[in-house]
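Per-entry structural report
The lines below spell out each chain.
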Amino acid sequence: MRTVARRVVAIALSTLALCGAGAVEGGSMTGLADFAITDVTVIDVRTGQAIPAQTVSVMGDNISQIVPADSADSAGLHGAVKTLDGRGLYLMPGLVDAHAHYFEPETFGRLFLAHGVTLVREMGMADELTLSIRDGLRDGSLLGPELFGAGAILDGVPPLIPLISHGVATPDEARDAVQRQAAAGFDVIKVYSTLKVEVFRAIVDEAHRLGLRVAGHVPDSVPIEDAAAMGLDSSEHFFGFEKLIGKLLDAPVRYTYTGMGADVAFFLRLGEVEPDRLAQAFDSLRRSGLTVCPTIVTFKAGMRTTSYQSGEFDGSEFVAPELLAMWRTLWADQSDLSSFIWETWARLVAQLHAAGVPLMVGTDLSVPGILPGFSVHDEMEIWQDAGIPAPDVLRGATIVPTTWLGLGARLGSIEEGKAASMLLVRGNPLDDVRNARDVEGVFLRGQYFDRLALDQLLAEARELAQR
């Protein structure tokens, strides 16, 4: 952690120098200028419509006006601001990675921006590191997306990951821990697998009393339907759903911690569950208000865990030695996962979508094989291939997570008055989410990175990772 913190300071200094220069060599990175994007097709993720021939103006950090390109208002903008020709391009909201561990800010920030990710929900690191990175990203001293974070995870005693967790054994300890996290200024409370049911309940109650939302693993001591009824706001990964399948099969289910994912074999029996019973269970989750962040790409990447530990894989040039060392240490005993896990989970996520359960795109960066930005697009494509329509996939990467974080009035869609955090792509993502990969340019709170600047960010990330 001390090594990472020193690297944070170093990159903060280099980023300040870069921002002072006002440009990236080889491309343009205009700072406080105003823009008019002319004759562009606006992607309305709320309605799932592509609105052609629009002029979108950016004033400072925000979208100031959206008007038809042939209107008098649009013509008046051309001489007043810098213009970007949007013909043949699509303007969509910036993407969100709703589950990340932001350990390498110097490479992560650049890679996220290069792929159109302008907001990250950080889901568990040491408290001081989370706050320093979050605040640096918010004030611009670090280069990268906005970040809203959980800080250290709240887990049972002893916690599964001591370096980034606080162990809590009683309801009183749980309430004290939540109060400390709230006082420190964290945005989310993260819960984990070995919490006792009464401790979990106290965490949720105290967090909600203080106006904070709770996300994380469904503890093994708590059925997922009970966790949702108690007020868990966001369920991460598949945890809890394997036990739900077992319960729906009337099979013996253990509500004690016996190892992370110990009951994953229940996924093999998903086809045995009566469709009506499964639909009723999912409808109950929907009515509870639970949102699910499945991170299917995590389990797909897990099929090659051993190769990621070796350092020989596509994208390895973007992985810093410290991160690779963490993969080799924390996942040293992890064998390659079976394909049935991610394939079954993709089927379940499609069924959750059909039941109306809100879904968020997340990746579980920094686990083996997950790369910033790249893996957000991988997750979106998995959802679409599982049968979720492209407009709904886009909502899961924009409106759903920004609304969950309480940022819906400022982020998540292209609307007047909202932050100018958005991307220009060359194909219609409402037709195929793969088109969101083909990025022409990115706005981050009004700061524009053209294609040359994005390529430069990729080159810098590669160089920084390999130093």
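Everything discussed here concerns the structure shown above.
Just so it is clear, the model here is predicted, and its values are computed rather than measured. Here the residue numbers are simple positions, counted from 1 along each chain's written sequence. Given that the model is predicted, a residue must reach a pLDDT of at least 70 before its local features are reported, and side-chain atom pairs must reach 80 or more before they are shown or counted; all residues, however, enter totals for whole chains, interfaces and linings. Heavy atoms from the whole structure form the basis of all side-chain values; hydrogens and water molecules are not counted.

1. Points about the overall build of the protein chain
- Helix numbers and strand numbers start at the N terminus; a helix is a DSSP run of H or I with at least 4 residues, a strand a run of E with at least 2. Counting its secondary structure elements, the protein chain contains 17 helices and 18 strands.
- All radius of gyration figures rest on C-alpha atoms, and the globule criterion is 2.2 Å times the number of residues raised to 0.38. At 22 Å, the protein chain has a C-alpha radius of gyration in line with the 23 Å of a compact globule built from 467 residues.
- The contact criterion used throughout is that any non-hydrogen atoms of two residues lie within 4.5 Å. Long-range contacts, defined as pairs at least 24 residues apart, comprise 70% of the intrachain contacts of the protein chain with a sequence gap of at least 6.
- We get accessible surface area from the Shrake-Rupley algorithm with a probe of 1.4 Å; when it comes to residues, only the shown protein chains can shield them. Summed over its atoms, the accessible surface of the protein chain is roughly 17,400 Å², and 52% of this surface lies on carbon and sulfur atoms.
- In this tally, Asp and Glu contribute negative charge and Lys and Arg positive charge; neither His nor the terminal groups of the chain are included. Where a charge lies is defined by one atom per residue type: Lys uses NZ, Arg uses CZ, Asp uses CG and Glu uses CD. With 38 positive and 60 negative side-chain charges, the protein chain shows a spacing of 3 Å between the two charge centroids.

2. Comments concerning unusual backbone geometry
- Across the junction of Val157 and Pro158, the peptide omega takes the value -5 degrees, indicating a cis bond.
- Structurally, Pro158 is set in the loop between β10 (153-155) and β11 (165-167).
- At Thr295, a position not held by glycine, the phi torsion is positive, near 45 degrees.
- When accessible area is computed with a 1.4 Å probe and restricted to protein chains, residues below 20% of their type maximum are described as buried, those above 50% as exposed, and intermediate ones as partly exposed. What makes Thr295 buried here is its relative accessible area of 0%.

3. What about the pairing of strand β8 (residues 117-122)?
- The buried count for β8 comes to six of six residues, which makes it a mostly enclosed element.
- The pairing of strand β7 (residues 95-100) with β8 spans four bridges and is classified as parallel. Bridged to Asp97 within β8 is Val120.
- Clockwise travel from the first strand over the helix to the second, with the strands pointing away from the viewer, marks a crossover as right-handed. Handedness of the crossover is the feature at issue here: the chain leaves β7, passes through helix α3 (residues 105-114), returns alongside β8, and the resulting connection is right-handed.
- In this scheme, strands are said to pair when DSSP sees at least two bridges between them. Two elements, β8 and strand β9 (residues 146-149), share four bridges in a ladder whose sense is parallel. Pairing of Glu122 across the sheet is with Gly149, part of β9.

4. Observations concerning the sheet that holds β8
- The parallel open sheet is built from three strands, whose spatial order is β7-β8-β9. Edge positions in the sheet fall to β7 and β9, since each of these pairs with one other strand and no more. Averaged over all neighbouring strand pairs, the angle between strand axes comes to 20 degrees, with direction disregarded.
- Seen against the sheet, helix α4 (residues 127-139) touches β8 and β9 and runs at an angle of roughly 150 degrees to β9. With axes taken as lines fitted to C-alpha atoms, and helix axes fitted only over the stretch in contact, angles between N-to-C directions fall between 0 and 180 degrees.

5. Some words on a nonpolar patch on the surface
- Taken together, Leu160, Tyr257 and Met260 make up a surface patch of nonpolar side chains, about 240 Å² in accessible area.
- Along the chain, the position of Tyr257 falls in the loop between α8 (241-248) and α9 (275-288).
- On the basis of relative accessible area, Tyr257 is assigned to the partly exposed category, the value being 33%. A patch is a set of surface residues, each over 30% in relative accessible area and not in a salt bridge, joined within 9 Å for like charges and within 5 Å for the nonpolar side chains Val, Leu, Ile, Met, Phe, Trp and Tyr. In the sections that follow, a salt bridge refers to a side-chain nitrogen of Lys or Arg positioned within 4 Å of a carboxyl oxygen of Asp or Glu.

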